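# Results of the structural survey
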Amino acid sequence: IVFSGNGPSGICLSYLLSGYTPYFKRHSLHPHPILQRKLEEAPEVTLLDQDLEYLSEGLEGRSHSPVALLFDTLQRPDTDFGGTAESVLTWWHEPDRAIPHLVLGRNAPGGAWHSIEGSMVTLSRGEWMGLPDLPFKEWLKQKRRGLRNNRATAEDIAQYYQHYVMKKGLQKNFRCGTVVTSVRKVSAESTSNHIQKDLQEHSDSLWNSNEKSTEVFQVDGFFKTVEGDKEPFSIYAENVVLATGTYDNPTWLGVKGENLSYVHHQLSALEEAVKNSNVGIMSDPVLIVGAGLTAADAILFAHHCNIPVIHVFRRRVTDPGLIFNQLPKMMYPEYHKVHQMMKELTAACAGPYERYISFPEHHVLSFGKDKKCIFQDKDGCQKAYKISMALVLTGSNPNLSFLPNDGIDLAMDSDQPVNPKRNPIDVDPFTYECTQEKGLYALGPLAGDNFVRFVQGGALAVASSLLKKANKNPP
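An unreviewed UniProt entry lists the chain under the name Oxidative stress-induced growth inhibitor 1, from Melanocharis versteri. Annotation of the chain in UniProt includes, under Subcellular location (unreviewed entry), the sentence "Midbody". Taken from UniProt, the Sequence similarities (unreviewed entry) comment for the chain reads in full: "Belongs to the OKL38 family."

Structure follows, in structure tokens:
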């Protein structure tokens, strides 16, 4: 089994496939009485061998995935009500249930968390960022640190995920510094034995040649050596798990001049510009396009550095779809502050010396070589501003260029690109196997699960399915 992606989804699945097995903790009490009754029916049977559809029936919460809700409520029974009840799961290490697998990733374990500015504070509460059987809060306590406003920094999380892999002894399954360039089905007969030798080097045998399967996946890519060379590899696997997340590929507006050197698509560009003193108090304003949390993070960062900002976004400030209208004020005071600025400091109301001006219901028409940006309101009225740099922060898409047709055939709507919010990969909700391609699984944002606390249920579903295929669990 090969996974592409070593973020929280990949780490959690590796844990479950390494023989770590969850059971219902005897004498523990879950606040959901029907679920409690179901769990008491077979406490000696691991969760991985139980009927996940039956257990998750009737659960409600902040995810559309029944298995995500199930695994989340078993680990954090009353967290949505501010409670701190202990997990009702106990974990046993049963090495004979382990399934050999490789986790391929560009960065160290933790995936995109290593690419995010370390001081950024997470949207989710700190304890929701934790993985099974090693609470994040406990790890933080060992570092003699507390959670700021119940939330954690990106640097803490990246370190925690690396620590988790070492602590649970999973590092032998991880190959960092790898880039997957192609995943495709080939006939088992056409696979030559010599290409399989790298599998034997890394594990018992990732590919069982006695298997009746007539088709396997060929995974091609390259490994980046310390010297900076690229060493190609080819691996054969009967099952492949896509867990690449969506951080790689920022969305572009598709307007004239967007490829000019002062137009950027990642928040890190602003941090870099401040560090190099390319922007500061006296510069022309920085243009920030977008109304999500990354755009808000950029505004807070600029505000902190006294850098003037022009903020352009398409929605109305009162639009219920705007993320700020969905966040509790008490828990997210800094995002509430940005939302307030968006409402109160519009171009119509702002004074001439404001360091922030918002343009709701506007969109960018073009970027000029002279650093002039033209944007337009809903009535067609155009405005031009001289800026120092532009940050287009309107979301990101997964990079699935390694799949045939960029993975579009696997999506819910197979005429449109895969998008974690609007058009995720179509998977079976209880196994996370792609409906269009057996043996291929999708996890995390690719399958529509966008929060760390909910990607873990997907990993549970995949592990349960793979264990059944490998006959490592009874019927």
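### With respect to the pairing of strand 17 (residues 362-367)
Pairing analysis gives five bridges linking strand 17 to strand 18 (residues 372-377), with the strands arranged antiparallel. Bridged to His363 within strand 18 is Gln376. In this structure, the hairpin formed by strand 17 and strand 18 is closed by a connection of four residues, where Lys371 is found at a positive phi of approximately 65 degrees.

### Quick look at the sheet that holds strand 20 (residues 389-392)
One open sheet holds the five strands; their spatial order is 13-20-14-15-16, and the pairing between them is parallel. Looking at which strands have only one partner, the edges of the open sheet turn out to be strand 13 (263-264) and strand 16 (356-359). As judged from the four bridges shared by strand 14 (residues 286-289) and strand 15 (residues 309-312), these two strands associate in the parallel manner. From the neighbouring strand, Val289 faces strand 15, where its bridge partner is Val312.

### Details of the side chain of His101
Among the secondary structure elements, His101 is positioned in the loop between strand 3 (89-93) and strand 4 (102-105). Since its relative accessible area comes to 2%, His101 is described here as buried. Within the structure, His101 has its side chain in polar contact with the backbone oxygen of Ile99 (distance 2.8 Å). In terms of polar contacts, His101 uses its side chain to reach the side chain of Asn173, at 3.3 Å.

### Overview of the sheet that holds strand 9 (residues 215-224)
The three strands are arranged 8-9-10 in an open sheet whose pairing can be described as antiparallel. A single partner strand is all that each edge strand has here, and the edge strands are strand 8 (178-187) and strand 10 (230-237). Here the strands of the sheet are splayed against their neighbours by 20 degrees on average, with no regard to which way each runs. Where strand 9 lies against strand 10, eight bridges are found, and the strand directions are antiparallel.

### Re the nonpolar core
Leu13, Val219, Leu242 and Ile425 are the most contacted members of the largest nonpolar core, which has 81 residues in total. Looking at this core, the element that brings in the most residues is helix 11 (residues 452-469), giving nine residues. Membership of the second largest hydrophobic core comes to 31 residues, among which are Val286, Leu293, Val317 and Val338.

### Re unusual backbone geometry
We note that Asp133 has phi near 65 degrees; this positive angle belongs to a residue other than glycine. Owing to a relative accessible area of 41%, Asp133 belongs among the partly exposed residues under this scheme. Phi is positive for Asn306, close to 60 degrees, though the residue is something other than glycine. Following the sequence through the fold, Asn306 ends up in the loop between helix 9 (293-304) and strand 15. Among the residues examined, Asn306 registers a relative accessible area of 39% and is labelled partly exposed.

### Brief notes about the pattern of salt bridges
It is possible for side chains of opposite charge to pair when their charged atoms get near one another. All told, the structure shown has 14 salt bridges when counted by the stated rule. Between Asp284 and Lys386 there is a salt bridge, with its nearest N and O atoms 3.8 Å apart. Of the two residues, Asp284 is situated in the loop between helix 8 (268-275) and strand 14 and Lys386 in strand 19 (residues 382-386); the sequence distance between them amounts to 102 residues. With relative accessibility at 35%, the residue Asp284 sits in the partly exposed group. As a salt-bridge pair, Asp319 and Arg315 come within 3.3 Å of each other at their nearest N and O atoms. Through salt bridges with shared partners, a single network forms among Asp49, Glu94 and Arg97.

### Regarding helix 9
Compared with an ideal rise of 1.5 Å per residue, which puts twelve residues at 16 Å, helix 9 spans 16 Å between its outermost C-alpha atoms and is within 8% of the ideal. For helix 9, the full list of buried residues reads Leu293, Ala295, Ala296, Asp297, Ala298, Ile299 and Ala302. In the segment just after helix 9, Asn306 is the residue with positive phi, at about 60 degrees.

### Some thoughts on the confidence of the model for the chain
Looking at the chain as a whole, the pLDDT averages 85, with 85% of positions reaching at least 70. Taken element by element, the chain is modelled with least confidence in helix 7 (residues 197-202), mean pLDDT 45, and with most confidence in strand 14, mean pLDDT 98.

### What about the packing of aromatic side chains?
Inspection of the entire model under this criterion finds eleven aromatic pairs. Plain terms: the ring middles of Tyr15 and Tyr20 are 4.3 Å apart, the flat faces sit at 15 degrees to each other, and that makes the pair stacked. This pair shows no difference in class: Tyr15 is buried, exactly as Tyr20 is. With a centroid separation of 5.4 Å and an interplanar angle of 55 degrees, the aromatic rings of Tyr160 and Tyr161 are classed as tilted. Judged on exposure class, the residue Tyr160 and its partner Tyr161 are both buried. Residue placement shows Lys38 over the ring face of Tyr54; its charged tip is 4.8 Å from the ring centre. Positioned above the aromatic ring of Phe222 is the side chain of Lys230, whose terminal nitrogen or guanidinium carbon lies 4.7 Å from the ring centre.

### Observations regarding the packing of helix 4 (residues 66-75) against helix 11
As a packed pair, helix 4 and helix 11 sit with axes 7 Å apart at the nearest point and diverge in direction by 110 degrees. On the basis of their axis angle, the class for helix 4 and helix 11 is roughly perpendicular. Here helix 4 and helix 11 pass one another in a crossing that is right-handed. Residues Val67, Ala68, Leu69, Phe71, Asp72 and Gln75 of helix 4 lie in contact with helix 11, whose contacting residues are Arg453, Phe454, Gln456, Gly457, Leu460 and Ala461. Partitioning the contact of helix 4 with helix 11 into residue classes produces seven nonpolar, three polar and two charged.

About the cut-offs
Residues numbered from 1 in each chain as written. Predicted model: local features only at pLDDT ≥ 70, side-chain atom pairs only at ≥ 80, totals over all residues. Heavy atoms only, no water. UniProt positions renumbered as here; feature names shortened; annotations may be inferred. Pairing = 2+ DSSP bridges. Helix = DSSP H or I, 4+ residues; strand = E, 2+ residues; numbered from the N terminus. Buried < 20%, exposed > 50% of the residue type's maximum accessible area, 1.4 Å probe, protein only. Polar contact = N/O pair within 3.5 Å; in protein donor to acceptor, adjacent residues only side chain to side chain. Axes fitted to C-alpha atoms, helices over the stretch in contact; angles between N-to-C directions. Core = buried A, V, L, I, M, F, W, Y, C linked by side-chain atoms within 4.5 Å. Salt bridge = Lys/Arg side-chain N within 4 Å of Asp/Glu carboxyl O. Expected span 1.5 Å × (residues − 1). pLDDT = per-residue confidence, 0-100. Phe/Tyr/Trp six-rings, centres within 6.5 Å; stacked < 30°, edge-to-face > 60°. Lys NZ or Arg CZ within 6 Å of the ring centre and 35° of its normal. Parallel < 35°, antiparallel > 145°, perpendicular 65-115°, else oblique. Left-handed = near helix turned anticlockwise from the far one by under 90°. Contact = heavy atoms within 4.5 Å. Nonpolar A, V, L, I, M, F, W, Y, C, P; charged D, E, K, R; others polar.

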